[in-house]
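# Examining the three-dimensional arrangement
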Amino acid sequence: MRREDLRDLAVFLAVAEARSFTRAAAQLGASQSAISQIVRRLEASIGIKLLTRNTRNVAPTEAGEQLIATLRPALGEIDARLAALSAFRERPAGTVRITSSRHAAETILWPAVSQMLRENPEVNVEISVDGHLTEIVAERFDAGVRLGEQVAKDMIAAPIGPELRMAVVGSPDYLAARGVPGSPQELTSHACINIRMPSSGGLYAWEFSRGGRDLNVRVDGPLILNDVGIILQASAEGLGLACVLEDQASSLLASGRLVRVLEDWCPPFPGYHLYYPDRRQLTPAFSLFLATLRQRRRSV
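No experiment lies behind these values; they were computed from the predicted model shown. (Residues numbered from 1 in each chain as written. Predicted model: local features only at pLDDT ≥ 70, side-chain atom pairs only at ≥ 80, totals over all residues. Heavy atoms only, no water.)

## Description of the pattern of salt bridges
Following the criterion strictly, the structure yields 11 salt bridges and no others. Arg-140 serves as the salt-bridge partner of Glu-17, at 3.9 Å between the closest nitrogen and oxygen. Here the residue Glu-17 occupies a position in helix H1 (residues 3-18), and Arg-140 occupies one in the loop between strand S4 (123-129) and strand S5 (143-147), the gap between them amounting to 123 residues. Residue Glu-17 is classed as partly exposed on the basis of its relative accessible area, which comes to 22%. (Salt bridge = Lys/Arg side-chain N within 4 Å of Asp/Glu carboxyl O. Helix = DSSP H or I, 4+ residues; strand = E, 2+ residues; numbered from the N terminus. Buried < 20%, exposed > 50% of the residue type's maximum accessible area, 1.4 Å probe, protein only.)

Below, the structure written as structure tokens:
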């Protein structure tokens, strides 16, 4: 196989996975016209149409799907082998690509990344903040960060953060006017701020547990939001009760703008985990990243 053929196949796979010539061009750092020309040349050379195109999207044909199934593991193995060659360098080098929720990126990933980059200038890191449960293999991420309960069973999962707790909070004015709920069931008579879940698109059912008893409560209220900062602002302005992670509300609780309720119904639960596929050979840069996260967790 010529070197040009391998490059053309990699370009085709990027377009097929992105379902867009424009997005693939941005990922590859090339012009859209150049990417289109490469795919047309590949189709002409093998005499088979690989992609169907219209004004809105790009989709692989049946032949294209078969080629994708062959290319994905093959090119992934080549990438892993090439990355492993950096083990012969004296210092770790290369790029680590991570997908994460915003809260985990801010509280867990960023301190570790900042430390690692200062100590290892030849390592690069890409963090993609996304509330969805990304398919890390298909999207070519080295790893993802999510709560332990959200990690697929076929992944290696390593705890990288402390336990977390939820907190139900409201403003002093709201609680003075509407009363303090004594149990999760009483939330149904309160104005509560719902959160739209990015992964499922549904509304979050507030979760509680005490004495071995678990409760999920579907709440109602004047607002449905998908940003924690706005949720906290709305609650502090007296528009309803909110259910957020404890540390997200810590500054407003400390200032007295918010008050916590139902605390005895909010026990700790396992925190964030780094997950990655067990069949993939770890690069020196990724191994360093994982070691940095583990070291920081032990020191906390």
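Following the structure, the description resumes.
## Some thoughts on the environment of Pro-121
Among the secondary structure elements, Pro-121 is positioned in the loop between helix H5 (102-119) and S4. What makes Pro-121 exposed here is its relative accessible area of 54%. In sequence terms Pro-121 and Pro-92 are 29 residues apart; their C-alpha atoms lie 9.0 Å from each other.

## Examining the nonpolar core
Of all hydrophobic cores here, the largest spans 57 residues; its most connected members are Leu-187, Trp-206, Phe-208, Tyr-272, Leu-274 and Phe-289. For this core, the element with the highest residue contribution is H5, accounting for 6 residues. The residues touching Leu-187, leaving out its near neighbours within four places in the chain, are Pro-181, Cys-192, Trp-206, Phe-208, Val-217, Val-219, Leu-241 and Leu-262. In this structure, Leu-13, Ala-18, Leu-50 and Leu-67 belong to the second largest nonpolar core, which totals 22 residues. (Core = buried A, V, L, I, M, F, W, Y, C linked by side-chain atoms within 4.5 Å. Contact = heavy atoms within 4.5 Å.)

## Quick look at the environment of Glu-65
Among the structural elements, Glu-65 can be located in helix H4 (residues 62-84). Considered as a pair, Glu-65 and Leu-50 are 15 residues apart in the sequence and their alpha carbons are 8.0 Å apart. Once residues within four sequence positions are removed from consideration, Glu-65 is found in contact with Arg-19 and Pro-60.

## Some thoughts on the sheet that holds S4
Across the sheet, 5 strands lie side by side as S4-S3-S5-S14-S6; this open sheet has mixed pairing. Taken across any chain shown, the strands that pair with only one partner, and hence form the sheet edges, are S4 and strand S6 (155-159). Averaged over all pairs of adjacent strands, the angle between their axes in this sheet comes to 25°, without regard to strand direction. Bridge count for S5 against strand S14 (residues 272-277) is 4 bridges, and the pairing is antiparallel. (Pairing = 2+ DSSP bridges. Axes fitted to C-alpha atoms, helices over the stretch in contact; angles between N-to-C directions.)

## Brief notes about helix H9 (residues 284-299)
With 16 residues, H9 extends 22 Å from end C-alpha to end C-alpha; this agrees with the ideal 22 Å at 1.5 Å per step. Among the residues of H9, those classed as buried are Ala-285, Phe-286, Phe-289, Leu-290, Thr-292 and Leu-293. Seen along its axis, H9 keeps its buried residues to an arc of 155°; they face one direction. Opposite its buried face, H9 presents the exposed residues Arg-298 and Ser-299, each directed more than 90 degrees away. Structurally, H9 contributes buried residues whose contacts are with strand S3 (94-100), H5, S4, S5, S6 and S14. (Expected span 1.5 Å × (residues − 1). Arc of directions from axis to C-beta.)

## Describing the environment of Leu-274
Note on placement: Leu-274 falls in strand S14. Owing to a relative accessible area of 0%, Leu-274 belongs among the buried residues under this scheme. Linking Leu-274 and Leu-147, residues 127 residues apart in sequence, is a C-alpha distance of 8.7 Å. Here Leu-274 is in contact with Ala-143, Gly-144, Val-145, Ile-156, Ala-157, Ala-158, Ile-160, Phe-286, Phe-289, Leu-290 and Leu-293, once residues within four sequence places are set aside.

## Details of the sheet that holds strand S7 (residues 166-170)
Strand order in this open sheet of 3 strands is S12-S7-S13, and the pairing throughout is antiparallel. Each edge of the sheet is formed by a strand with only one pairing partner; in this case those strands are strand S12 (242-245) and strand S13 (259-261). Strand-to-strand twist in this sheet, taken as the mean axis angle between neighbours without regard to direction, amounts to 50°. Pairing of S7 with S12 involves 4 bridges; the strand directions are antiparallel. Looking at the pairing, Val-169 lines up with Ala-242 of S12.

## Focus: the packing of helix H2 (residues 21-28) against helix H3 (residues 32-46)
In the contact formed by H2 and H3, the axes pass within 8 Å of each other and the chain directions differ by 105°. As far as their axial angle goes, H3 and H2 are roughly perpendicular. Across from Phe-21, Thr-22, Ala-25 and Leu-28 in H2, the residues of H3 making contact are Gln-32, Ile-35, Ser-36 and Val-39. Within the contact of H2 with H3, the residues separate by chemical class into 5 nonpolar, 3 polar and no charged. (Parallel < 35°, antiparallel > 145°, perpendicular 65-115°, else oblique. Nonpolar A, V, L, I, M, F, W, Y, C, P; charged D, E, K, R; others polar.)

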